[in-house]
Every structure is written in C-alpha cells, then in structure tokens.
Amino acid sequence: MSAYLNTRVSLYSERLWTDEQFSRLIRIPHAEVPESLTRRGLGALARGYGGSDPLSLEGRIIAQLLDETRVLVRPLTGPDRQFIIYWTHRFEVSNVKTLLRAKMAGERFTSLVPRLIDMGPFARLDLEDLVHADDVMELFRRLEHTPYADIVRHARRAFEESHDPFILDATLDRAYYEGLVHRAQPIEAAAGKPMRDLMASIIDRTNLVWLLRYRFNYDLPPARVYYLLVGGHYRFQAELLQRLVTQTSVESVIAALPPALGRTLGGARSIMEVFCSLEAEAAERARQVLHSAAYPLARAFAYLILRERDLRRVRVVLRGRHLRLSDDAVEQALGHTACGVA
Amino acid sequence: MFRARPLNHVTLWCLASEAPDVALLLASHGVFDPVAEEDAVLPDNPAEVYRDVFLEADARLSRILEQCGMQAEVSLPADAVAPSLAELQEINDWLRETWQVCSRCKESELRVEEDRRRLAGLKETYARLQRLNLDPSRLLRPDSLLDARLGQVPSANVRRLREALALAGYVLSPFDHAEGQTFAVVAGPRREGEGIGGLLSQAGWRELPVPAELQTHPEAAREYIEQEERRLEAAAGIHRQERVQNMIQFGERVRDASIRLALARPLAEAAGAGLRGRRHLAVFKGWVPRRAMDAVRAALEERFHGRYWMAVREPARDELDRVPSLLSYPRWLRPFLPLVRSYGVPRYGEFDPALLFAIAYVLLFGAMFGDVGHGAVIMLLASFLRGRWNWLRVVGMTAGAASVLFGFIYGSVFGYEEWIHPLWQSPLHDPGHMLALAVGVGVGFICLTLVLNTYNRFMAGRPWDALLGGGGFAGLVLYLAMASGLYSLFTGDGFGSGKGAVATAALLIIAAYTWAETHAKPGERALITVIETLETATNLFANTLSFLRVAAFSLNHVALALAVFTLAAGMSVAGHWLTILLGNVVIIVLEGGIVAIQALRLMYYEGFSRFFSGSGVEFSPLRLQRGVELGVRS
C-alpha cells in the first residue's frame, strides 16, 4: 500500500506549480487558461473558468483538494487514514462557523447555503438539516447531535455566558488544532522527523500568529491568550508561550523567540510579515519532505499542504484576471497570497 | 412491459399567479415529469422565492409536529386551491412564531434536564465541601481582597486553565470530580477591569451556587438541594403543561398549515426541477404519457378555461437519451425489478429486459441447481421472508420452484437419484451431452442479445450501427455463420466454404464500419480497427463458452451430493443421517448461494452488457405529498 501511496504522491507532485508557471498563467491569453489549468490536473477549475461567482471558484478549489485527498486516503488505514481525513475537517469546522455566524445574524437559509462548503464523501454534518435551524440556540442543539458535540457543547456554554461570537470561533479553531496534534502523535512516532517538522510548521505558525493577533489586535489579557493557544508542542513549549504572551509589543515577542525561529522571521515587523515568513518556511519544509524518501503519509501530507497553497494562488490569479487587474497587480497579490493574505 | 410507454414533450404556459394551481392540478394527475431546460427567452424561475419559502415553512412544520408529538392527517378537498406566495409567506411567518414558542418550551425542558443532572452531582460535592475546613460565606465575600470563585469546569480543560490562571496570578485548586467535570476553587488578588471572567468563560467554567450557611448549618446543603429539586420538578411540570397547551392552542392551525403546505408542495418541487418564466408568465416543461394527454388537457380546460397555452410534441431524435422511461409491470414481475434496477434503468425506447431477466434467471438457476428436495427447501425458506425482503420471497420461491422442476427432469431428490424416475436424465449420466446442450443454450442466448441490441440501436437512432456494428446485425450474421461452421466442423462435415465466406464478409463489414467510426491518425486507426474487430469475434465466443458453467454447476450439484453420500457411508446410522443432513445444508446454503450469483453474473455480463445500456432515467412525475389524495370533501 505504501508503494501505491508513494507512486500516487509522486505522480500528483508533477501537478504542483512553480513560480514561473504562475507568472505564465498571469500573462497567457484568456483562451489558453483552461488548457493550462487542465494540464496541472485542474479540469474542474478550467470548466468553470470565466464564471463570475467567487463562491463557486472557492467551492471548486476545495472540491479539487477533497477529491485528491480522497484518492490519497484510499490505501491508508488506522491512524494514518484518520489523520488525513481529519485534515479535511477544517473545511467542515469552517462550515460550522459560517452556520453559527449566519444564525447569529438572522440570515435566511437561501443566502447561507451557497457559502457552505460541499464536503462530499468527507461530510459528517447534515447541512440540509442544520441550515433550517431557526436561531443560534437551535443550531447549537442540532450540532450537539453531530461529531462536533463536545466542542459545540463547550462553546455553547461559553457563548451563553458572554454572547461573544469570538469565543465560538476561537473555541472551534483551538479544538480543531488540538485534535490535529492529538491525531498526529502516533504518526510522528512512526514517521519521525519529517512528520514532526510538517506539524511543527503548522502548529507553531498558528500559535504565533494567534498569539500576536489576540494579544495586540484584539487586546486580550495574557492569561486568556495563553488559554486560546494550541497546547505547548513542537518549538513552542508551555514555558515559552507563557513568556511570549506576557510581552507588550510585536517586536518584543519576536525578540523573545528562540534564535533559530528568530532567524526564520528575518526582519519581520508586523503580524503579516511574521505569517509570510513562517508560511514560506512551511512550504519549504513541505517541499523537502515531498522530495525525500520520507514515510509515505508524511509525503502525502506535504503534497496536500503544497497543493492547497498552489490552489490559493491560482484563485488569486483567476480572480485577478476576472477583475481585469494588471499583470503586475496580480503578481504583487500573488506574492502576498503565498502567505495567505489575499 | 417490453419498452417504456410513449411520452410527449409538453410546454405549458400559464399566468405566474396561477402557477401554484397548475402545478397542483398536474401533481394530482401524477403524469407530469418536469424537466430543466435552459431557455434564453425564459430567464427567470418565477417560483424560486415560492420554493424557498416553502422549504423553510416545511422544515418548521416538521419540527413543530415532532416537538409537539402531533400527526398531521392531511385530506384535501377536491376544489382545493394552492396558496399564493403571500399566503405561503404568512403561513411561514406564523410557523416561525409558533416554532419559537415551541422551541423556547423545548429549550426550557432541556435546561431543566441539565440542571437535574447537575444537581445530582452537587449532592456529593456539597458533602465534600462541607468537610473542607473553610467557611464559603467568608471565602466568597464580594468585598474581600481575595477574588475567590467556586465552580466546575470540564476536566479536560483543567491543566490548561491552571497554567493560564497562573499568568493572571490566580490559583486553581480542584476538590472533586464527577462525570467529566472538575469542581474547583479559583482564587487570586481582586483587581479592577475584566479580570479572569473571559478566560473562565472560554474554558467552560460554571459558578457553583453555595448556600451561605453551608458550614454553620450542615443541613443547609440538603435543604438547598431539596428546594432545587422541588423547583425543577415544578418547572418540568409547567413545561409539560405548556407543551400540552401549545398542542391545544396551535393544533388546529398546524393542521391547516399542513394542508396548505401539501397544496404548495407541487409548485415548490416544480421550481426545484426547473420551472422557467418571464415577467407574469410561468412555463412548465416536461414529459407526459401520450395516453394521458387528453385527460390533462380536459382537466386544464375545466379548471383554467383557456387561460393557458400548451405545446405538445414527440421526443426529438437527439434528445432520446434524456427522455425519462415510464415503465409499468404486472404485479408478479415486480419482485424481480430490484435485480434489474441494480444494473440500470432502460433508456426511453430501449428494450426493457425485466421479463427476459425473470424467465432466464429462474431457468438458469433451476438448470444449475436442479433438485426436488433442495428446491422445495428453498421455496419453504423463502416463504418466510417478509417486510423489506418481500421481493426476495417471490424471487426465492420462483427459483426454488424452477429447481424442483429441473429436479424432476434430472430425477434428483436431496441428491438421491433412485427415489424418482427422471423425466429426462441425470446430468452425470452423460456430461458431454450436458456441456454441448449448455453451449447450445449459450448460442441461442447470445443470438437473442444481438437481435435485441440491433433493435435498441435502431430505436436510439443509430441505424448504421445497428446494421454494420459488431454488436448489431453484422455481428449476428458473423456469429451465426461461425457457430454453424464450427458445429459442422465438430460433427465431421467440415466448416463449409459458404459459411466461411459469409463469416469473412461479416467480419470485413464490421472492420470497415469500425474504421469509418474511428477518428484518429491512420496507424492508430488501423490498430484500433484490427483490435476491436478481433475483440468482437473473440468476445462472442468467450461469452458463449461462459454458458458451460450451466452444465458444470448441474454436474457439480450431483458430484457434491455423491461426496456427501460417500462420507455418510462410512459412518454409523446416527452419523450417517447427521452427515446427510449437514451435507444437504451445506449444498443448499453454499452451492445454492454460488449458483444464485452465477446465474446473476450470466445475466449481467453475458446478457445485459451486450444490449442493455441501463442509462435511462425513471419517469418521476410531480405528485401530491405521500399519503395525500385530492378529492376528499372536507
């Protein structure tokens, strides 16, 4: 089975984009875009090219990711399979957040449905049922009969106390990443450093960016920020996180980071720059794992990370072309999108 | 029974304001299958909002019925009129308000239940708290310098919360655990501002109500809990009463809403299936059985008195693959349909193989598993199947009957061949003859599939394919010529030059047609032509030889019985009959199962795959809600 997965990942990795290919995609005539997308396994995006609906583009990108994940998951069993399937659930967590926000705002289901992500074979929620909840409390009740029951029950109580939508988002996000770390642990034992590196790049980036945002954008007290972070793992152990949350500025947080991490961030001054640096580092690590003889699951995971990054950038190019932005403007946006900004 | 009923394509124009009633009328007749067709002249979906409102209202009604435990018995008067959008909106608004009332009631009931569970845990907690050497009334004083709180938090969050609280100068000290919850004291210096409230909320912290007299009066906790229990019992009673009151208060109107929604459903479904329109006009497009046209026209005329316009036409040749198939079967044939449907639905105009399947499947099963005793047991066992396996009862009993029939032909009862005289002969009596006969059956079956395929291709508007294709008439000629030639060869008469010439001519025609139909570079085209033509010929014979299994399994049946008898012969009387019994059970279960699958395989791979596309779509008309009939006078 590992031979199958390795071969499949190697074949898929041919579909990844280089910076030159992105530059070409920005500049080629409209008529050639569908073919260019199809050549890189993006037939579904090519078929919808020219459409004006950004939600539809987003949906097709996620559908593509889920479709490739479905193929990669086929030979997997046990914790490996659970981990990759769980990796797709962040889209479903996003659905839960969309549903909660929409119900808080009293939106009608007709405007809500197009914004929900179709999880296809990975779906665990009956969206058809959930969208018809009349208010947020009813939605909570319905969610308590889903696999998200534990997270939601907890979030509901917190929400009842404060009625702060931020609590819901933060609780859901944190619970998701805690679950990811929990599921990665047995795999890290088998796959060793490559898998640990990939997870570290995701969790450390998430923790550092959340820390900076919660602390300096939302102005939350250190204790609360610390609680909202993903438990101490990888390069950010509990003591380090406790030290970082008590810092009083972005610069002092960066200065208090371990030297290796500080070097990665280079001269980053803002939260955005921090994110960009860590994102670039994560992509580089994923590329190294993908082109190594690492544990097959680690290679598959690395591919999924890189593919998602690529598709985010493809989205920017296609939207830029649709909005008739200049090539330079799209190129510039692409640079930011590599960091997930656009 | 052999093909789908002829349908007409109908385009029905009406006033958008009357669209709900038109849809209701069409649904009450149950003969209109709406179809989504893009039309630049008709850019709107005039019932889109109607559908959205309906879906919302319908979901709310279902929830109210479920919540209040009501059953909506819907009977519609013959002259019922579908609600307009405004009326539907009004119903939806009322249902929303009603649901909010019901929902609040439900929410309160859930809270009472939750509080009851919590109270049960508190009993033990108070007992422990009482043993602590502290006075809660002093500890929790709001004017104290110490900000102390007593409460519970999910146990999974304790470690993290403790670390976070430490950053704020607080300590967390657990003193009890119950059902995934940790009971703890949180204490730290009292400060101005938000403090730790946000953090505790985030962690799912819940304050614990502590009677002030807990330490000074040990009975206080018990009294408090008893008082709470009484309060919750009273609250539960009020909510129960409230629910009953809701049922009484809303019952009549809920029933009325059920009726109105049942009347609105046809248009909502038509809108979902692609109703189009423009400004004040709505256009229903779909398929209606040809023989129902007059009835539909008369009903429209009676109801709308010319305020509609209907265009009717036959299905166009290029849309045949999109026309739904309206199939009807006699009652006795229906149990076999799941086995045919698992392969597919016949396309419009295509030969419907249901009857052929039923006959051939049963006969093949009987021929491969011919035994009076085993067949009777299968019939008996199948007769016990009920409910969702009802269809299998008929299939099983018919297959068992065929097994009994072939049992008489082979002269076999539970493997004993001396109990009855065979009407023909035992398979093992002349295995060669059995095998030859099986090939003969295969030749006949393959010829039938080629004839049916030729017919299907004609009906699908592909006459050249029907005449010249390998699966059509040319393939049939090739097959018959080669089968006849090979038969002559085996009987010692030689292949025959005439048959050889016919076979060669047919093969060349098939090759030429394949060449003409292939669009590729010359080399690739030649390769495809050679391979496909050869494949046509080899497939025909491979499929024929596949029928050898019919004889092989009939021989296998006898051989298995002989093996059981041989084993039984070496045993005592009890062991003998036990072996016979168990051997027969194994034969019925194991071999019977294998034969059932093999017969199905022959039908699917040697039969259906040669002529049956199975790519059709079943005719699915607009209908009134399940269990609802129009015409009951209210």
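Anything mentioned here points back to the structure above.
Below is a summary of the structure that appears in this document. (Residues numbered from 1 in each chain as written. Chains lettered and ligands numbered in written order. Predicted model: local features only at pLDDT ≥ 70, side-chain atom pairs only at ≥ 80, totals over all residues.)

**Some remarks on the overall build of chain A**
When helices and strands are tallied, chain A shows 19 helices and zero strands. Across the 342 residues in chain A, those meeting the buried criterion constitute 39%. Residue pairs at least 24 apart in sequence account for 59% of intrachain contacts in chain A once pairs closer than 6 positions are excluded. (Helix = DSSP H or I, 4+ residues; strand = E, 2+ residues; numbered from the N terminus. Buried ≥ 20, exposed ≤ 12 C-beta atoms within 10 Å, placed from the backbone. Contact = placed C-beta atoms within 7 Å.)

**What about the overall build of chain B?**
Helix and strand counts for chain B come out as 19 helices and nine strands. In chain B, which comprises 634 residues, the share counted as buried stands at 37%. When contacts within chain B are restricted to residue pairs at least 6 apart in sequence, long-range pairs at least 24 apart make up 78% of them.

**Let's talk about helix α17 (residues 522-545) of chain B**
Over its 24 residues, α17 of chain B runs 35 Å from end to end, which matches the ideal 34 Å to within 8%, given 1.5 Å per residue. Listed as buried for α17 of chain B are Thr529, Thr533, Thr536, Leu540, Asn543 and Thr544 of chain B. (Expected span 1.5 Å × (residues − 1).)

**A closer look at the packing of helix α15 (residues 473-490) of chain B against helix α16 (residues 497-517) of chain B**
All names here are of chain B. With their axes 8 Å apart at the nearest point, α15 and α16 run at an angle of 150° to one another. By the criterion of interaxial angle, the relationship of α15 to α16 is roughly antiparallel. Judged by the twist between their axes, the crossing of α15 over α16 is left-handed. Each of Ala474, Gly475, Val477, Leu478, Ala481, Met482, Ser484 and Gly485 in α15 lies in contact with α16, whose residues at this interface are Lys499, Gly500, Val502, Ala503, Ala506, Leu507, Ile509 and Ile510. Residues of the contact of α15 with α16, tallied by class, amount to 11 nonpolar, four polar and one charged. (Axes fitted to C-alpha atoms, helices over the stretch in contact; angles between N-to-C directions. Parallel < 35°, antiparallel > 145°, perpendicular 65-115°, else oblique. Left-handed = near helix turned anticlockwise from the far one by under 90°. Nonpolar A, V, L, I, M, F, W, Y, C, P; charged D, E, K, R; others polar.)

**Topic: the interface of chain B and chain A**
Every contact between the two is made by 25 residues of chain B and, on the other side, 25 residues of chain A. Every element with two or more residues in the side of chain B that touches chain A is listed here: α2 (48-68), α3 (85-131), α5 (158-167) and α6 (197-202) of chain B. With six residues, α5 of chain B is the single largest residue contributor to the side of chain B that touches chain A. Tallied by class, the residues present in the side of chain B that touches chain A amount to 11 nonpolar, six polar and eight charged.

**Some details on the environment of Val413 of chain B**
All names here are of chain B. Assignment of secondary structure puts Val413 in the loop between α12 (390-410) and α13 (431-459). Given 19 C-beta atoms within 10 Å, Val413 falls into the partly exposed group. Along the backbone, Val413 and Ala376 are 37 residues apart, and their C-alpha atoms lie at a distance of 9.6 Å.

**Considerations on the sheet that holds strand β4 (residues 171-178) of chain B**
Sheets are built from strands paired through backbone hydrogen bonds, the pairs being either parallel or antiparallel. Residues and elements named next belong to chain B. With antiparallel pairing, four strands are arranged side by side in an open sheet as β4-β5-β3-β6. Looking along the sheet, the strands with just one partner apiece sit at the ends: β4 and β6 (206-207). Both strand β3 (residues 146-154) and strand β5 (residues 181-189) contribute to a ladder of nine bridges, which runs antiparallel. Pairing of Gly151 across the sheet is with Ala184, part of β5. Where α5 meets the sheet, its contacts fall on β3, β4 and β5, and the angle it forms with β4 comes to roughly 160°. (Pairing = 2+ DSSP bridges.)

**Observations regarding the packing of helix α11 (residues 165-191) of chain A against helix α12 (residues 193-217) of chain A**
Two quantities define a packed helix pair, namely the angle between the axes and the distance from one axis to the other. Residues and elements named next belong to chain A. In the contact formed by α11 and α12, the axes pass within 9 Å of each other and the chain directions differ by 160°. One way to sum up the angle between α11 and α12 is to call them roughly antiparallel. Here α11 runs over α12; the crossing is left-handed. In this structure, α11 uses Tyr177, Val181, Ala184, Ile187, Glu188 and Ala191 to contact α12, whose residues at the interface are Pro194, Met195, Arg196, Met199, Ile203 and Thr206. The class makeup of the residues in the contact of α11 with α12 is nine nonpolar, one polar and two charged.

**Regarding helix α19 (residues 573-611) of chain B**
Over its 39 residues, α19 of chain B extends 54 Å from the first C-alpha to the last, a length consistent with the 57 Å expected when each residue adds 1.5 Å. At Tyr604 of chain B, α19 of chain B shows its maximal bend, which comes to roughly 30°. (Bend = angle between axes of the 7 residues up to and from the residue.)

**With respect to the pairing of β4 of chain B**
Of the strand pairs in this sheet, β4 of chain B and β5 of chain B are connected by seven bridges, and their pairing is antiparallel. Residue pairing across strands places Val171 of chain B opposite Ala187 of chain B, the latter belonging to β5 of chain B.

**Digging into the nonpolar core**
Generally speaking, soluble globular proteins have nonpolar side chains that are buried together. Leu198, Leu211, Tyr226, Ala298, Ala300, Phe301 and Ala302 of chain A are the most contacted members of the largest nonpolar core, which totals 101 residues. Dropping the residues within four chain positions of it, Phe301 of chain A is found in contact with Ile84 and Leu198 of chain A. If you look at the next biggest cluster of nonpolar residues, it comprises 59 residues, including Cys14, Phe32, Ala264 and Ala271 of chain B. (Core = buried A, V, L, I, M, F, W, Y, C linked by C-beta atoms within 7 Å.)

**Observations regarding unusual backbone geometry**
Residues and elements named next belong to chain A. Unusually for a residue other than glycine, Asp219 sits at a positive phi of about 60°. Within the secondary structure, Asp219 sits in the loop between α12 and α13 (222-228). For Asp219, a count of 8 C-beta atoms within 10 Å puts it in the exposed group.

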